[in-house]
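Fold and geometry: a report
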Amino acid sequence: MHRRIIAPGALTTAVLLLAIPASAASHSPGAPGIGDPYYPAYGNGGYDVSHYDLRLKYQPATDELEGTATLVARTTQDLSRFNLDFLLDVGEVRVNGAKASFRASAEHELEITPKTPLAKGTPVTVVVRYRGVPSSKQAYGFTSWHRTPDGGVAANEPEAAAWWFPSNDHPLDKATYDVSVLVPDGTQAISNGTLQSTSSRLGWTRWNWRSDKPQATYLATLAVGKFDITTGTTESGIPVLNAYSEDLGANAGSARASLERTGEIADWLTGYFGPYPYNALGGYVPNTTTGYALETQTRPFYSPRQFANGSNVSVVVHELAHQWYGDLVSLKRWKDIWINEGFARYAQWLWSEHEGEGTAQELADHVYASHPADDPFWTVKPGDPGPDNQFDTAVYDRGALAVQALRNAIGDEAFFAILKGWPRKYAHGNASVADFRRYAEEVSGKPLAALFDTWLFQPSKPTASAARTASVAQAGGPVTRPKSWKKIAATNGVHAHAERGNGGHVH
């Protein structure tokens, strides 16, 4: 994952707009940003979306998308005007059944003025009719829509939604989804959640998908193309659906060898993180030229390049770990990315141990020793890396070192209790690094401010003693490990997220 530099003046503009007084519904515009310091224009103020219903038609030959998005929401303030994050061409907007005026503003903002101002706490239904060619649209100089030889894909972080549906585009506003996509016969449409039904008529097939648990907008995905679809179930009965582009070439076998272990890996992860939180599971590999993978909820996206050197089960571990750390519990602000990436990387280290390819401590020691004190690696602060370094390798690897340091400091019993307890405590919600520190202190009974500061916020290499505070030195004798301890596996498998334009960011 990685994303973007703010356009000059965006922060100033956002601050000025946020300062507009909202004394009455007749003059109470919602803010054009939700308040994230990394991305001031992301998300919007004044309302909360509970459900998206997306009814789409896509033509792979021309990359033309048309659709009707219905947003079910509630106002959180008196609201005379509000914004949606969107890039395609809008033909009509209705608010609670009445036509509303609208205009495009800034890089990706759709500004809507309802016929009648809305009071705080009002249920709102917003209908947006639109069309356009997603691959022709850019915001801040990049696109999150991948054109493929047989269709297109929406998958990126921290944003992808604006290229295919209007939304309140920030993880703070999670919602459920119904995604219905009409495509030419012989073409498949892949999205999140469960496949409710398919139906064909007049040369077109409609694919109906449902995500019945809250989902961040960047975790919503759409892939249209020619896919081979496999299905199965986990040992616990969760349905698994994987989709592979028919033209993956030499990467086809290694992609299948990796993704077809999805159910096994998810079952294994429950030993560390608790019950799998959704009613669907799987992944998809479209024929894209990008290089990253992304934890799109219930159905992660994988670039074919992830499997160019053979099977890469480790990246599957990483994206599935995100279903708990990142999807079930989402960040409050994008600066909290360590909770997503540090723990997903650490899951890879646990998997490595499971496979007998190096223990988590050995991998931590290797990463620590591989970067001398003057390496820029240590100048990136995983706890607040800044938007330019949000998906830097240090956020992943130094982030995982911080997880190992925490484990060593508090001992295995408290550590593994935290791994399971954290997703349960904040399930389907949002949390920050500060929230995690407080929770870890509560569970462990230890003060952890200095440890978190050293590993997450200091732009320098921690001392060797801080890197290797062995858990055996803790009072209380031998360490306690979960029953699945002898089954852990995650190497240094290549992992990557999002990209700017066509420049991949590979970890």
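Analysis parameters
Residues numbered from 1 in each chain as written. Predicted model: local features only at pLDDT ≥ 70, side-chain atom pairs only at ≥ 80, totals over all residues. Heavy atoms only, no water. Axes fitted to C-alpha atoms, helices over the stretch in contact; angles between N-to-C directions. Helix = DSSP H or I, 4+ residues; strand = E, 2+ residues; numbered from the N terminus. Parallel < 35°, antiparallel > 145°, perpendicular 65-115°, else oblique. Contact = heavy atoms within 4.5 Å. Nonpolar A, V, L, I, M, F, W, Y, C, P; charged D, E, K, R; others polar. Pairing = 2+ DSSP bridges. Salt bridge = Lys/Arg side-chain N within 4 Å of Asp/Glu carboxyl O.

Now for the packing of helix α3 (residues 262-273) against helix α5 (residues 337-354). At a closest axis distance of 12 Å, the pairing of α3 and α5 adopts a crossing angle of 110°. As far as their axial angle goes, α5 and α3 are roughly perpendicular. Across the interface between the two elements, Glu264, Ile265, Trp268, Leu269, Tyr272 and Phe273 of α3 pack against Ala347, Leu350, Trp351 and His354 of α5. Its residues assigned to classes, the contact of α3 with α5 shows 8 nonpolar, 1 polar and 1 charged.

What follows covers the sheet that holds strand β7 (residues 109-113). Pairing is antiparallel across the open sheet formed by 3 strands, whose spatial order is β3-β7-β6. Across the chains shown, the open sheet's two edge strands, defined by having one partner strand only, are β3 (82-85) and β6 (101-105). Taking each pair of neighbouring strands and ignoring which way they run, the sheet shows an average axis angle of 25°. With 4 bridges connecting them, β3 and β7 associate as antiparallel partners. Following the sheet pairing, Phe82 is matched in β7 by Ile112.

The next point concerns the environment of Ala344. By secondary structure assignment, the location of Ala344 is in helix α5. For the pair formed by Ala344 and Gly399, sequence separation is 55 residues and the distance between their alpha carbons is 9.5 Å.

It is worth spelling out the pattern of salt bridges at this point. Per the counting criterion, the structure on display carries 16 salt bridges. A salt bridge links Asp228 to Arg256; its shortest N-O distance comes to 2.4 Å. Taken together, the residues Asp228 in strand β16 (residues 227-233) and Arg256 in helix α2 (residues 252-259) connect sequence positions 28 residues apart. Within the structure, one salt-bridge network assembled from shared partners comprises Glu92, Arg94, Lys99 and Arg129.

What follows concerns the sheet that holds strand β15 (residues 222-225). Within a sheet, adjacent strands bond to each other through the backbone by hydrogen bonds, running parallel or antiparallel. Across the sheet, 4 strands lie side by side as β9-β10-β15-β12; this open sheet has antiparallel pairing. Where the open sheet ends on each side, the last strands, each with one partner, are β9 (145-148) and β12 (188-191). Along the sheet, successive strands turn relative to each other by an average axial angle of 15°, direction set aside. Bridging between strand β10 (residues 151-154) and β15 involves 3 bridges; their strand directions are antiparallel. Bridging across to β15, Ala154 finds its partner in Leu222.

Remember that the coordinates give geometry; whether it matters functionally is a separate question.
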